[in-house]
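Examining the three-dimensional arrangement
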Amino acid sequence: MKYLGDIKIQTAADVNEALDHIMGLENGLNAVGIGPIMHGWMETRLKRNLEWISTSRKELQDAKDMFKNDFETKKKIEDGLNKLHTIESRIQDMIRRSEVLKAKQGQKNANH
């Protein structure tokens, strides 16, 4: 099984595979059980996803030139890049929010 960051885009099928992974990542962020305070393993996983997003962004940006004459694929790539940006921002916010809430919770526990 390939992970999002492992996909090397050479064909339109590779673009579709990357987009499927991006959609899967987006859906995963909506999963039940991802609370405002995350366990360490979840933060680690989200940080790894940020690395995959960075790699995939580069792959998709490079692919834009490869598919400059294929309007449909180029549009898919642009949509994928937009989704990656949105997902990246959301993950960063989730991590930041979790860290703030953990710090507040630690202060509250220290005061009791």
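The structure this text deals with has already been given above.
Residues numbered from 1 in each chain as written. Predicted model: local features only at pLDDT ≥ 70, side-chain atom pairs only at ≥ 80, totals over all residues. Heavy atoms only, no water.

1. Some details on the overall build of the protein chain
Assigned secondary structure in the protein chain consists of three helices and zero strands. Overall, the protein chain shows an N-to-C arrangement of helices and strands of α-α-α. Partitioning the intrachain contacts of the protein chain with sequence separation of at least 6 by distance along the chain shows that 71% fall at a separation of at least 24. Working note: accessible area of the protein chain is about 7,300 Å², and carbon and sulfur atoms make up 51% of it. (Helix = DSSP H or I, 4+ residues; strand = E, 2+ residues; numbered from the N terminus. Contact = heavy atoms within 4.5 Å. Areas by Shrake-Rupley, 256 points an atom, 1.4 Å probe, with all protein chains shown as cover.)

2. Overview of the side chain of Thr 73
On the secondary structure map, Thr 73 appears in helix H3 (residues 71–111). A relative accessible area of 6% places Thr 73 in the buried class. (Buried < 20%, exposed > 50% of the residue type's maximum accessible area, 1.4 Å probe, protein only.)

3. Structural notes on the side chain of Glu 59
Inspection of the secondary structure assignment puts Glu 59 in helix H2 (residues 40–66). Although Glu 59 lies buried, it forms no salt bridge, and the closest oppositely charged side chain, Lys 8, sits 4.1 Å away as judged by the N-O distance. Apart from the residues within four sequence positions on either side, Glu 59 is in contact with Ile 7, Lys 8 and Ile 9. (Lys, Arg positive; Asp, Glu negative; His and termini not counted. Salt bridge = Lys/Arg side-chain N within 4 Å of Asp/Glu carboxyl O.)

4. Topic: the pattern of salt bridges
With the rule as written, the count across this model stands at seven salt bridges. The shortest N-O distance in the salt bridge between Arg 57 and Glu 88 comes to 2.5 Å. Taken together, the residues span a long stretch of sequence, with Arg 57 in helix H2 and Glu 88 in helix H3 at a distance of 31 residues. The shortest N-O distance in the salt bridge between Lys 76 and Glu 72 comes to 3.9 Å. Taken as a pair, Lys 76 and Glu 72 lie in helix H3 at a separation of four residues, close to a single helical turn. A relative accessible area of 27% means that Lys 76 is categorised as partly exposed. For Glu 72, a relative accessible area of 54% corresponds to the exposed category.

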